[in-house]
Amino acid sequence: TAVEPLDDIYMNDNNDWAQKMSLADFWAAAATVAIEYAVALSDAETTFELPLYFGRQDCTDSPDIAINSTIPKDLDALFTFGFDDIIAFFANDLNFTTQETIAIMGVNGLGIRLLGDYEAMTTIFDGEFAINSDTFDNAYFTSLVDNEWISVDGISDSYWRQRGGTYSMLNTDITLAWDIDDLFNTSTNEYDCIVNKASNSLSSKPECSRRVFSTDIIDTYVYSNQVLLDDFAKLWTKLVTTGYDNSELRDDVFISTETPETTEADAAYRTEILYHTIISIFIVVTTIYCAINDEY
């Protein structure tokens, strides 16, 4: 994951980052730069900028303890949440609206996903969510609604495979756009429907229905990458300032410049490090309240 190499940079780099900012600030900055970099790698004609905030306090329990209890987080559950569970998680921990939750799930289009135990990263499959998995744009949502997805029985959890392709998605992705939550078959460890079922399919499973509640939001992002980036920039600011008021953080704006030159080795490593950087910051930020509320 991105945790160990970034922690090493924070503690041991010649720039002495550990003497200049808190670890919470470093992680937020790393994720912000990763997002900016991923957008810059896209060929889309868009405008995008994110603010950088500093002044956070570190939390000794982060990221393992939820902000409103002393019970360790069940991070594995995030991979299999149904629609209501996803919305509730982001609403309770980050005060996100449904629209904000759907928008931030778009970062799942970054990187190659290893599905399995969160800590051990026990590999069930290697799979990309969308084309250009080293960029951040609306390809995740396009892939979600345009491909034919088939539920597959994994080693421990089911997941979804693109028919005739190499892309994969988790249940938490598919459920954003498709009404699947009541169709899980415990006997087969699969969902009893097919997303965008092809006319020549030999399966007896019916076609999954679109989730009415999210259709307008997702289709807006499919049709407009700029709308997605505009919405994402707003919710990202909300995410990285959670738990602090305006007087506690100072800000500066990091604006994308030309895409840095990279070697072939950089390109091979980039997709995985981008994905895990973003996922890691989500986990860290969901417990940011305890940095200023020790009783949590």
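Refer to the structure presented above.
Quick caveat: nothing in here was measured; it's all calculated off a predicted structure. (Residues numbered from 1 in each chain as written. Predicted model: local features only at pLDDT ≥ 70, side-chain atom pairs only at ≥ 80, totals over all residues. Heavy atoms only, no water.)

K.L.:
How should I be thinking about the packing of helix 3 (residues 23–40) against helix 9 (residues 225–240) in this particular structure?
P.N.:
Any two packed helices are characterised by the angle at which their axes cross and by the distance between the axes. It is at 13 Å that the axes of helix 3 and helix 9 come closest, and there the two elements cross at 175°. Viewed along their axes, helix 3 and helix 9 adopt a mutual orientation that is roughly antiparallel. Along its contact with helix 3, which presents Ala31, Thr32, Ile35 and Val39, the element helix 9 presents Leu229, Phe232 and Trp236. Residue classes in the contact of helix 3 with helix 9 are distributed as six nonpolar, one polar and no charged. (Axes fitted to C-alpha atoms, helices over the stretch in contact; angles between N-to-C directions. Helix = DSSP H or I, 4+ residues; strand = E, 2+ residues; numbered from the N terminus. Parallel < 35°, antiparallel > 145°, perpendicular 65-115°, else oblique. Contact = heavy atoms within 4.5 Å. Nonpolar A, V, L, I, M, F, W, Y, C, P; charged D, E, K, R; others polar.)

K.L.:
Could you clarify how one ought to interpret the pairing of strand 5 (residues 159–162) in this entry?
P.N.:
Pairing geometry for strand 4 (residues 149–152) and strand 5, over four bridges, is antiparallel. Across the sheet, residue Val152 finds its bridge partner in strand 5, namely Tyr159. Sheet topology note: the strand 5/strand 6 (residues 168–169) ladder contains two bridges and is antiparallel. Pairing of Trp160 across the sheet is with Met169, part of strand 6. Linkage of strand 5 to strand 6, two consecutive antiparallel strands, is achieved through a turn of five residues, within which Gly164 is found at a positive phi near 70°. (Pairing = 2+ DSSP bridges.)

K.L.:
Looking at this model, I keep getting lost on the packing of helix 8 (residues 212–223) against helix 9. Mind explaining?
P.N.:
Interaxial distance between helix 8 and helix 9 falls to 5 Å at its minimum, and their mutual angle equals 115°. Contacts from Thr220, Tyr221 and Tyr223 of helix 8 reach helix 9 at Asn225, Val227, Leu228 and Asp231.

K.L.:
Quick question: what am I supposed to make of the side chain of Asp25 here?
P.N.:
Structurally, Asp25 can be placed in helix 3. When residues no more than four places from it in sequence are discounted, the contact partners of Asp25 are Tyr53, Phe54, Gly55 and Arg56.

K.L.:
Honestly, the packing of aromatic side chains in this entry has me stumped. Any pointers?
P.N.:
Note on aromatic pairs: each is described by the distance of the centres and the angle between the planes. Per the stated rule, a full pass over the model turns up eleven aromatic pairs. Ring centres of Tyr10 and Phe26 lie 5.2 Å apart, and the angle between their planes is 50°; on these two criteria the pair is classed as tilted. Taken as a pair, Tyr10 in helix 1 (residues 3–12) and Phe26 in helix 3 lie far apart in primary sequence, 16 residues in all. Centroid distance Phe83 to Phe213: 6.3 Å. Interplanar angle 80°. Geometry classified as edge-to-face. Taken together, the residues span a long stretch of sequence, with Phe83 in helix 4 (residues 83–94) and Phe213 in helix 8 at a distance of 130 residues. The exposed category is assigned to Phe213, whose relative accessible area is 60%. Through a chain of ring-to-ring contacts, the aromatic side chains of Phe81, Phe89, Phe90 and Phe96 assemble into a single cluster. Here Arg210 stacks its cationic end above the ring of Trp178, 5.4 Å away from the centre of that ring. (Phe/Tyr/Trp six-rings, centres within 6.5 Å; stacked < 30°, edge-to-face > 60°. Buried < 20%, exposed > 50% of the residue type's maximum accessible area, 1.4 Å probe, protein only. Lys NZ or Arg CZ within 6 Å of the ring centre and 35° of its normal.)

Any functional reading would require information beyond the geometric quantities listed.
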